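Analysis of the macromolecular model
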Amino acid sequence: MAVPALLRRWLSYWPSALVALMSGVAGLAVHDARRQQLDHAERLEVRQALAAAQSRLAIVAESTFNLSAGLASVVRTDGGITSERFARYVEVMQADRPQLRNVVVAPGDVIQMVHPLEGNEKALGLDYRKVPAQWQQLEKIRASGQPLIFAPVKLIQGGHGIIQRNPIFLGTSERPSYWGSVSLVADVERFMTQARLDTNELRLGVFTRTLTQAVGDPIWTHGGTLSPEAEQLTIRLPGAEWVLLGEPKLGWRHVSAWTDWTVVGALGGGLLLTLMSLALSRRRLQLVARNQALADESEKRRAALAEVEAARARFEGLVALSSDWLWEQDAEGRFTFVSQGLSDSMSSLQQVIGQHRWDSTLALPGVDWEAHKAVYARREAFRDFEYRMRGPNDDVLYVSISGSPVYDNSNRFVGYRGTGRDMTAIRKTEAALAEARDRLQELFDAAVDVAIIATDTEDRITVFNRGAERLLGWSAAEVIGRNPQTFFKPEEVAQRAAELTVILGREITQHDAFTAWAQVQGSDTQTWTMCTREGRELTVSLSISKVRAADGCVTGFLGIAVDLTAQHAAEAAKRQGAQLLQAMFDSAVQVGFISTDLKGRINLFSPGAEQILGCKASQVLGTQSRRFHPQAEVQAEAERLSAVLNRPVPRWEVFERQADGLDGGHHRVWTYHRIDTGAPIQVSHTLTRLHDAHGADIGFLVVVVDISQRLQAEAALKSLNTDLERRVQERTTALSSALTSLQHTQDELIRSEKMAALGSLVAGVAHELNTPIGTGMTAASTLDDRTRDTVRHFEAGTLRKSDLSRYLGDATEACRLLLNGLRNAADLVSHFKQVSADQTSEQRRRFALQGVVDDVLSVLRPQLKHSRIELAVDIDLGQELDAYPGALGQLLTNLILNANLHAFEGVERPRLWLSARLLDPGWFELQVQDNGVGMSEEVRRRAFDPFFTTKIGQGGTGLGLNIVYNIATGVLGGHVELKSEPGQGSCFRFRLPLVAPQQREVAGAMRAG
């Protein structure tokens, strides 16, 4: 249909519309640019104000914190500083720094100088180590070696402050020695007032900078809460990095720029250009119309007669010779001629005379007409251009046309001439074939329990259904075109080829091993081993049959495989002689395929269905499929669905919902009745819809498998499981009783072990006490005898000066012996009491590891005296532990006594090393190592097991190292590692926390130890 003249006239003004559109876009662009310029100017003004505030803040910070650097320099130069010099220095420096609150000097991390002293007297002598928050700050500056600033800090005197802490190291840079620190406290408000930040016209804020470069906690704000759009600058201070944020107090203006003269000028210029374009377009239309009218009139008068005569002779010859219909178009693409010899279905083409092909009301959508028009515009010939059109009965016709350009004697293009062909019958045939192919594919895809593989005569795979994908693990796209022999074991293929060679009396190659028998008998069913993509071997029943074309020629082979792996043992005899699958549905003797129309009438009944349901296809074709279902079972399911859906559900809808995959999917277990015997059977029932090529429903497909035996086996298995659960429960009760008895026995053995260790420890201490006490008794008795003699001489008046002098010397020596012996005994008793108190009190306290080691070694030396063991102790751990000294002492005691008992048999010079060192923050390593005989791999692997010992009957109970393991991993919350080889000694390495776990059951843990 031609475009109306009015529409063509308006379309001629497209340049004006384009100019107007571009002018509008340009106006919007100018408006956005001007608005961004105004916003940028406002932000630039804020950034300049922030830069000035940043400079003032940096000057105040440098002036404030230089005091700390000066004091540190004095200490490093002189090796220290006196209180008088400190006071003079700080008074002079603090005079012009009102923001300073106080200055503190702490040699050895203990405050010894503070200014001003008034109000800070209690700070003198304060040990930073006892104040966790301040001690953490000092640890940070010691680790960094640089001054650090901490803010904001809530001050005890009130308000918030900024604290700079400066570490001082003496000595050379290669070997620095930590002397102490200088701390400076500044008031936040005065600090910011000194920098004149509170007089600014902006809303300001100073914040910390986090490790991820984000804005952290606020230090100081002024003027209210800052928005996320605030400008920010970074302030780098000696020991900190702050962020200065700012924005106008009244917020960002975000003004509109529509009234700006630049935007108004741009919009006005665009309007002027649009008006000028409209005027030019109107004038052009007038000139084109006038020229076209003159050209048309001249052309019509000159070529009318010659064109009519030539056309008549030309088309009469074409119509007589051609079996197709003919057509002709003029230079503008309008039909001027369509031959009269059209069929009835194509008679509607006479309506297109005077129209373009692409504008015809008969043409249907779905064709790239623009590409066809482009060919026409290029004056190119075309062949077999196909499109759809509406026929005389509103049916769809398929038309294929070919054409070539035509020129007159002056080589001027006058149009197109060509032929057309009705392709409707061909396309309908192709659609029917596609629909049949799709239906066949749906049948293939519905058979997900069997693998269907088709090949051509060259053994190339052409069909690979979903069942094959599930069975073998390959997708269809991966195997199409491949040889199916890659799925089979070569030795089985060779064996089958040899068997067929004997049976058929001719040479059968491995290539023909699958199809040779099928070519003779029509089909072949064998049991094969197939290999999946993952390499698993599956035992399958494979039925192969020939596929013939309409003319009877063999076009390929169809194979249907059923996985028999799970059933192979129980059905081996049946599989040997059965042909499980033959040519699609005809060979599915264990799987029943039933196809119905939309009304439930059976139109397909496979041999598998015949075998399962005990009837022939001829008996059931055309009847309702519901005849196999017990009506009571279907009615019960309908009533259940009615209760769930809260509406009546008829019996037929039960199967509709199953076909749609509702209420749990397409799969159900139903009861069927066999036709021949009437016996009920349980079947796996899969119901899906069948669709035609256009997606319309055409029926239903049912796949049934008899699962009666499987359900019976499952019931028997369930009964067996119930019996097993009962027996397991009885056995568990018996084992629980035995375990309780074993635990009581273990507790008794542990108590016996402890009493034996205590008896040995007491005996050793008593032996050690015997020597100093015996010495003291000897000295005391001698002193008593000499005193009695001196008193007797004194009373008799016979005491001489020499006798008195000799008595005094003897008394002095006796007192010295008494004091030394009593002091040794007191030290031994003190160590024994400390160890005993720690191991019996089970209390948590802070202690030095060196002290616990000394106490343990002092108590154990009597037992080790005769063992000639050399002890080497290297405790490089300055930090105190917050743990359980009794548990740690028991751990060391057990390790040393265990080494004394087991490690040094046959060793000439036994040695034992105890060492400790700091590891990661919060952890330390304790190592106990000997140069003894070592352990075999079997002994090392079982060393920590309870009741395991290599000294059965020789003093070993098998609990010593088990106690060590339980204390280290339970009470102390650490880890233990044992390294030992025969002849190489043993090494126990403990990784323990400086602070033991808070929550534990001490008594239970010590008992377990």
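This one's a predicted model, so the numbers in the text were calculated from it and none came from an experiment. (Residues numbered from 1 in each chain as written. Predicted model: local features only at pLDDT ≥ 70, side-chain atom pairs only at ≥ 80, totals over all residues. Heavy atoms only, no water.)

Topic: the overall build of the protein chain
To be explicit about the condition: Numbered from the N terminus, helices here are DSSP runs of H or I no shorter than four residues, and strands are runs of E no shorter than two. Here the term buried applies to any residue with accessible area under 20% of the maximum for its type, exposed to any over 50%, and partly exposed to those in between, with areas from a 1.4 Å probe on protein chains only. Throughout, a contact is declared for two residues whenever any of their heavy atoms are within 4.5 Å. Using a 1.4 Å probe, accessible areas were evaluated by the Shrake-Rupley method; residue-level cover was limited to the displayed protein chains.
Within the protein chain one finds 24 helices and 31 strands. Out of the 1009 residues in the protein chain, the part that is buried amounts to 39%. Pairs at least 24 residues apart make up 54% of the contacts formed inside the protein chain by residues separated by at least 6 positions. Looking at the protein chain as shown, the accessible area adds up to about 56300 Å², and 55% of this sits on carbon and sulfur atoms.

Points about the packing of helix 16 (residues 631–645) against helix 17 (residues 651–659)
Defined as follows: Inter-axis angles, ranging from 0 to 180 degrees, are taken between N-to-C directions of lines fitted to C-alpha atoms, where helices are fitted over the stretch in contact. Under this scheme an angle from 65 to 115 degrees is roughly perpendicular, one under 35 degrees roughly parallel, and one over 145 degrees roughly antiparallel; angles in between are oblique. For this classification, the nonpolar set comprises Ala, Val, Leu, Ile, Met, Phe, Trp, Tyr, Cys and Pro, the charged set comprises Asp, Glu, Lys and Arg, and every other residue, Gly included, is treated as polar.
Where helix 16 meets helix 17, the axes come as close as 8 Å, and the angle between the chain directions of the two elements is 75 degrees. The orientation of helix 16 relative to helix 17 falls into the category roughly perpendicular. Contact residues: helix 16 offers Q631, V634, Q635, E637, A638, L641 and L645, while helix 17 offers R651, V654, F655 and R657. When the residues that make up the contact of helix 16 with helix 17 are grouped by side-chain class, the tally is six nonpolar, two polar and three charged.

What to know about helix 17
Taken residue by residue, helix 17 has E653, V654, F655, R657, Q658 and A659 as its buried positions. Along its buried surface, helix 17 packs onto helix 16, strand 22 (667–673), strand 23 (680–691) and strand 24 (697–706). At the exit of helix 17 stands G661, carrying a positive phi of roughly 80 degrees.

Description of the side chain of R97
Short version of the rule: What qualifies as a polar contact is a pair of N or O atoms within 3.5 Å, subject to a donor-acceptor requirement within protein and to the restriction that residues adjacent in sequence count only when both atoms come from side chains.
With respect to the secondary-structure elements, R97 resides in the loop between helix 3 (83–94) and strand 1 (100–107). What makes R97 buried here is its relative accessible area of 9%. Separated by 2.6 Å, the side chain of R97 and the backbone oxygen of S63 make a polar contact. Other than its neighbours up to four places away in sequence, R97 contacts S63 and T64.

Side note on the sheet that holds strand 5 (residues 176–187)
Our working rule: When DSSP finds two or more bridges between a pair of strands, those strands are recorded as paired.
Strand order in this open sheet of five strands is 2-1-5-4-3, and the pairing throughout is antiparallel. Both outer strands of the open sheet, strand 2 (113–115) and strand 3 (148–154), are each paired with one neighbouring strand and no more. The mean inter-strand angle of the sheet, taken between neighbouring strand axes irrespective of direction, is 20 degrees. Helix-sheet contacts for helix 2 (residues 14–78) involve strand 1, strand 3, strand 4 (160–171) and strand 5, and the interaxial angle to strand 4 is about 20 degrees. In this fold helix 3 packs onto strand 1 and strand 2, with an angle of close to 25 degrees to the strand it touches most, strand 2.

Some remarks on the pattern of salt bridges
Note the following rule: Salt bridges are counted wherever a side-chain nitrogen of Lys or Arg sits within 4 Å of a carboxyl oxygen of Asp or Glu.
Counted according to the given criterion, the structure contains 46 salt bridges. Where R417 meets E328, a salt bridge forms, and the shortest distance between an N and an O atom there is 2.9 Å. Taken together, the residues R417 in strand 14 (residues 413–422) and E328 in strand 10 (residues 325–330) connect sequence positions 89 residues apart. Residues participating in the shared-partner salt-bridge network are R917, E925, E977, K979 and R989.

A closer look at the packing of aromatic side chains
This is how it is decided: Pairing of aromatic rings covers Phe, Tyr and the six-membered ring of Trp, with a centre-to-centre limit of 6.5 Å; geometry is then stacked below 30 degrees between planes, edge-to-face above 60, and tilted otherwise.
Scanning all chains against the criterion turns up 23 aromatic pairs. Considering the side-chain rings of Y376 and F413, the 6.1 Å spacing of their centres and the 80 degrees angle between planes classify their relative orientation as edge-to-face. Of this pair, Y376 sits in helix 7 (residues 369–377) while F413 sits in strand 14, placing them 37 residues apart in sequence. When sorted by exposure, Y376 lands in the same class as F413, which is buried. An aromatic cluster of at least three residues, connected via ring pairs, comprises W327, F335, Y376, F382, Y407, F413 and Y416.

Remarks on the side chain of H685
Note that H685 resides in strand 23. There is a polar contact of 3.3 Å between the side chain of H685 and the side chain of Y672. Those residues in contact with H685, other than ones at most four positions away along the chain, are H629, Q658, H666, H667, R668, W670, Y672, V702, V703 and V704.

Thoughts on the packing of helix 20 (residues 849–864) against helix 21 (residues 885–902)
Inclusion rule: Two helices that cross are described as forming a left-handed crossing if the nearer one is turned anticlockwise from the farther one by less than a right angle, and a right-handed crossing if clockwise.
Between helix 20 and helix 21, whose axes approach to 10 Å, the crossing angle comes to 40 degrees. Crossing geometry of helix 20 relative to helix 21 is assigned as right-handed. Note on element contacts: helix 21 touches helix 20 through P885, L888, G889, L892, T893, I896, L897 and N900, opposite L849, V852, V853, V856, L857, L860, Q863 and L864. Split into classes, the residues belonging to the contact of helix 20 with helix 21 amount to twelve nonpolar, four polar and no charged.

Some thoughts on the confidence of the model for the protein chain
It should be kept in mind that the predicted coordinates are not to be read in detail where pLDDT is low. Formally: The quantity called pLDDT is the predictor's confidence in a given residue, expressed from 0 to 100.
Per-chain confidence: the protein chain averages 80 in pLDDT, with 85% of residues scoring 70 or above. By mean pLDDT, helix 24 (residues 1002–1008) is the weakest element of the protein chain at 43, and strand 31 (residues 986–993) is the strongest at 95. Confidence drops under pLDDT 50 across residues 577–582; counting only partners more than four residues distant or on other chains, this segment forms 28 contacts. Counting contacts from residues 1000–1009, a segment whose pLDDT is below 50, to residues more than four positions away or on other chains yields 20 contacts.

Side note on the sheet that holds strand 13 (residues 396–407)
As summarised here, the arrangement of the five strands in space is 11-10-14-13-12, forming an open sheet in which the pairing is antiparallel. If you trace the sheet from one side to the other, it starts and ends with strand 11 (335–338) and strand 12 (382–390), each paired once. Ignoring which end each strand starts from, the neighbouring axes of this sheet average 30 degrees apart. Contacting strand 10, strand 12 and strand 14, helix 7 runs over the sheet at an angle of about 135 degrees to strand 12.

Re the environment of A451
Residue placement: A451 occurs in strand 15 (residues 451–456). Spatially, the C-alpha atoms of A451 and D563 are 8.3 Å apart, while their sequence positions differ by 112 residues. Beyond its immediate stretch of four places on either side in the chain, A451 contacts N465, G467, A468, L471, G559, I560 and A561.

Quick word on the pairing of strand 14
As defined by bridge partners, strand 10 adjoins strand 14 across six bridges and the pair is classed as antiparallel. Paired with E328 across the strands is R417, a residue of strand 14. Bridge analysis of strand 13 against strand 14 gives nine bridges, and the strand direction is antiparallel. Note that in strand 14 the partner of S404 across the bridge is R417. Where strand 13 folds back onto strand 14 in an antiparallel hairpin, the turn is made up of five residues, including N411, whose phi is positive at roughly 60 degrees.

What about unusual backbone geometry?
With an omega of 0 degrees, the peptide bond between H115 and P116 qualifies as cis. As for its placement among the helices and strands, P116 is situated in the loop between strand 2 and helix 4 (132–144). Here the amide bond leading from A151 into P152 is cis, since omega sits at -10 degrees, within 30 degrees of zero. Of note, P152 is situated in strand 3.

Regarding the environment of S595
In this structure, S595 sits in strand 20 (residues 592–596). A C-alpha to C-alpha distance of 9.6 Å links S595 and R689, two positions 94 residues apart in sequence.

Re the pairing of strand 7 (residues 215–222)
Across a regular strand the side chains alternate sides, sitting on one face of the sheet and then on the other. Judged from the five bridges that link them, strand 6 (residues 202–209) and strand 7 form a sheet pairing that is antiparallel. If you follow F207 over to strand 7, its bridge partner there is P218. Counting the residues that bridge the hairpin from strand 6 to strand 7 gives five residues, and of these Q213 lies at a positive phi of roughly 65 degrees.

Section: the nonpolar core
This is how the line gets drawn: In these notes, a set of buried Ala, Val, Leu, Ile, Met, Phe, Trp, Tyr and Cys residues joined through side-chain atoms within 4.5 Å is what counts as a nonpolar core.
The biggest cluster of nonpolar side chains holds 48 residues, and the ones touching the most others in it are L849, L891, L972 and F990. Secondary-structure elements contributing two or more residues to this core are helix 20, strand 27 (881–883), helix 21, strand 28 (911–918), strand 29 (923–930), helix 23 (960–971), strand 30 (975–980) and strand 31. If we ignore the near neighbours within four places in the chain, the residues touching L972 are A883, Y884, A887, L888, L891, I967, L992, P993, A996 and P997. Within the second largest apolar cluster, 44 residues are counted, among which are L100, L237, A240 and W252.

Regarding a nonpolar patch on the surface
For the record, the criterion: Put simply, a patch holds well-exposed residues, over 30% relative accessible area, that have no salt bridge, with like charges counted together within 9 Å and Val, Leu, Ile, Met, Phe, Trp or Tyr side chains within 5 Å.
On the surface, W14, L18, L21, M22 and V25 cluster together into a nonpolar patch covering about 550 Å² of accessible area. Structurally, W14 can be placed in helix 2.

Quick look at helix 4
Just so we agree on the cut-off: Multiplying one less than the number of residues by 1.5 Å gives the expected span of a helix. Of all possible arcs, the one meant is that of the directions from the helix axis to the C-beta atoms.
The terminal C-alpha atoms of helix 4 lie 18 Å apart, and with 13 residues this matches the ideal 18 Å at 1.5 Å per residue to within 8%. The set of residues buried in helix 4 consists of W135, Q137, L138 and I141. Buried residues of helix 4 fall within an arc of 155 degrees about the axis and therefore sit on the same side. Counted as exposed and oriented over 90 degrees from the buried face of helix 4: P132, Q136 and A143. Structurally, helix 4 contributes buried residues whose contacts are with strand 3, strand 4 and strand 5. Phi turns positive, to about 75 degrees, at G145, one or two residues after helix 4.

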